[in-house]
Amino acid sequence: MSLVVPPDTFYLVAEEFLLMEWRSTNAAVVKSSIQSYFHWIQEQSFPWVRDCIPSRHRLGVQMNLLVFHSVFRHTNIQKYWEELLFKADIVYKQQASKTHLIPVCYDVSLAQDIEEVARISKVEIDYVIQLHCSVEYEVSMMGFLPGFAYMDGLPAPMHVPRLSKPRREVPAGSVAIAGSSTAIYPVASPGGWRIIGRTPLSMLTDDIKSPTRFSVGDRVRFTSIDLQEWNNFMHQ
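Residues numbered from 1 in each chain as written. Predicted model: local features only at pLDDT ≥ 70, side-chain atom pairs only at ≥ 80, totals over all residues. Heavy atoms only, no water.

Enquirer: Help me understand the overall build of the chain in this model?
Expert: Across its full length, the chain carries six helices and 13 strands. The dimensions of the chain, computed from C-alpha atoms along their principal axes, are 60 × 35 × 35 Å. Classification of the 236 residues of the chain by burial places 47% in the buried group. Summarising the internal contacts of the chain: among those between residues at least 6 apart in sequence, 61% fall at separations of at least 24. (Helix = DSSP H or I, 4+ residues; strand = E, 2+ residues; numbered from the N terminus. Buried < 20%, exposed > 50% of the residue type's maximum accessible area, 1.4 Å probe, protein only. Contact = heavy atoms within 4.5 Å.)

Enquirer: In this structure, what is going on with the environment of Ser36? I would like to understand it.
Expert: One can find Ser36 in helix α1 (residues 27–44). Given the relative accessible area of 7%, Ser36 is considered buried. As a C-alpha pair, Ser36 and Tyr150 span 114 residues in sequence and 19 Å in three-dimensional space. If we ignore the near neighbours within four places in the chain, the residues touching Ser36 are Val4, Ile90, Val91, Tyr92 and Lys93.

Enquirer: When you look at helix α5 (residues 125–132) in this model, what are you seeing that I'm missing?
Expert: Owing to its 3.6 residues per turn, the α-helix aligns residues three or four sequence positions apart on the same side. Within α5, burial applies to Val128, Ile129, Leu131 and His132. Projection of α5 onto a plane perpendicular to its axis shows the buried side chains occupying an angular sector of 165°, all on one side. Those residues of α5 that are exposed and aimed more than 90 degrees away from the buried face are Asp126 and Gln130. For α5, the elements touching its buried residues are α4 (114–121), β6 (137–142), β9 (174–178), β10 (181–184), β12 (194–198) and β13 (219–225). (Arc of directions from axis to C-beta.)

Enquirer: Would you explain the sheet that holds strand β4 (residues 58–63) in this entry?
Expert: Across a sheet, paired strands are connected by hydrogen bonds in the backbone, their directions being either parallel or antiparallel. Sheet architecture is open: four strands sit in the order β1-β2-β4-β3, paired in antiparallel fashion. The sheet is open, and its two borders are formed by β1 (9–14) and β3 (49–54), each paired with just one other strand. Neighbour to neighbour, the strand axes of the sheet diverge by 20° on average, direction disregarded. Of the strand pairs in this sheet, strand β2 (residues 17–21) and β4 are connected by five bridges, and their pairing is antiparallel. Bridging across to β4, Leu19 finds its partner in Gly60. (Pairing = 2+ DSSP bridges. Axes fitted to C-alpha atoms, helices over the stretch in contact; angles between N-to-C directions.)

Enquirer: Looking at this structure, how should I read the domain arrangement of the chain?
Expert: Interfaces are often described in size by the accessible area the parts lose on coming together. Domain boundaries assigned for the chain yield domain 1 (9–87) and domain 2 (99–234). Each of domain 1 and domain 2 was reduced to a C-alpha centroid, and the two centroids are 30 Å apart. Domain 1 puts six residues into the contact, and the matching count from domain 2 is nine residues. Summing both sides of the interface, domain 1 and domain 2 together bury roughly 560 Å²; the carbon and sulfur share of this comes to 47%. The closest approach of N and O atoms between Asp152 and Arg56, which form a salt bridge, is 2.7 Å. Run the count over domain 1 and domain 2 and you get three residue pairs in polar contact (both at pLDDT 80 or more). Those elements that provide at least two residues to the side of domain 1 that touches domain 2 are α1 and β3. (Domains from an automatic or database assignment. Buried area = accessible area lost by both parts, 1.4 Å probe. Salt bridge = Lys/Arg side-chain N within 4 Å of Asp/Glu carboxyl O. Polar contact = N/O pair within 3.5 Å; in protein donor to acceptor, adjacent residues only side chain to side chain.)

Enquirer: Just to check I follow, could you spell out the layout of surface pockets for this structure?
Expert: Gaps left between atoms are located by rolling a probe of water-molecule size over the structure's atoms. What the largest pocket holds in volume is close to 1,200 Å³. In this structure, the largest pocket is lined by 41 residues; those nearest its centre are Phe38, Gln42, Cys52, Ser215 and Val216. Those elements giving two or more residues to the lining of the largest pocket turn out to be α1, β3 and β6. At eight residues, the largest contribution of residues to the lining of the largest pocket is made by α1. (1 Å grid on protein atoms, 1.4 Å probe; cavity = no way out; pocket = protein on both sides within 12 Å on 5 of 7 lines; lining within 4 Å. Points joined across faces, edges and corners; volume = space filled by probe spheres on them.)

Below, the structure written as structure tokens:
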């Protein structure tokens, strides 16, 4: 059974944004605690909560101050959350998660950095592809851009640093790696991760309730497709 512990610190990083932080060195406890608090806050459907954003060691809550102060006049936001969450009976519950299979074309024409990754890792390009497709990743947090999912589980031989100089524009769908994580750029944007492929799938959806393909806790696997298959996907 997973243990749930309260945050070690609460602090406002902006007038309307509260950050909770866990400092435990036990990664499993931190993970289960953040997920439990995240889902509990979501389940309450507080009208003054605009968004709840989990990361590896923190949980952020974006507030609607007009709504909050119309309900709790002259109430200190940080004190409110500290008292609310310490009194709440928050227990770990296994959350349903989705498993995604993402097609990726690793052709060098779409993978600007795959040759360099192979060189740094001292392996062949085919082995880089094999490694990237060999494991199931877990979405640990969302951030940087809407729909940008940080996925943990990248095999150790592929752990490479970010680019020393970020690109001004990375194409949408680019599959990239940095450190121990892999991710997919949901839209064209600047970026410093190393690009090893591209998926034809969109990371954004038309569903207002679930506007992104991935959620924290989801599992992701990659499967290799060739350039012709990628083009076929793109013209469907």
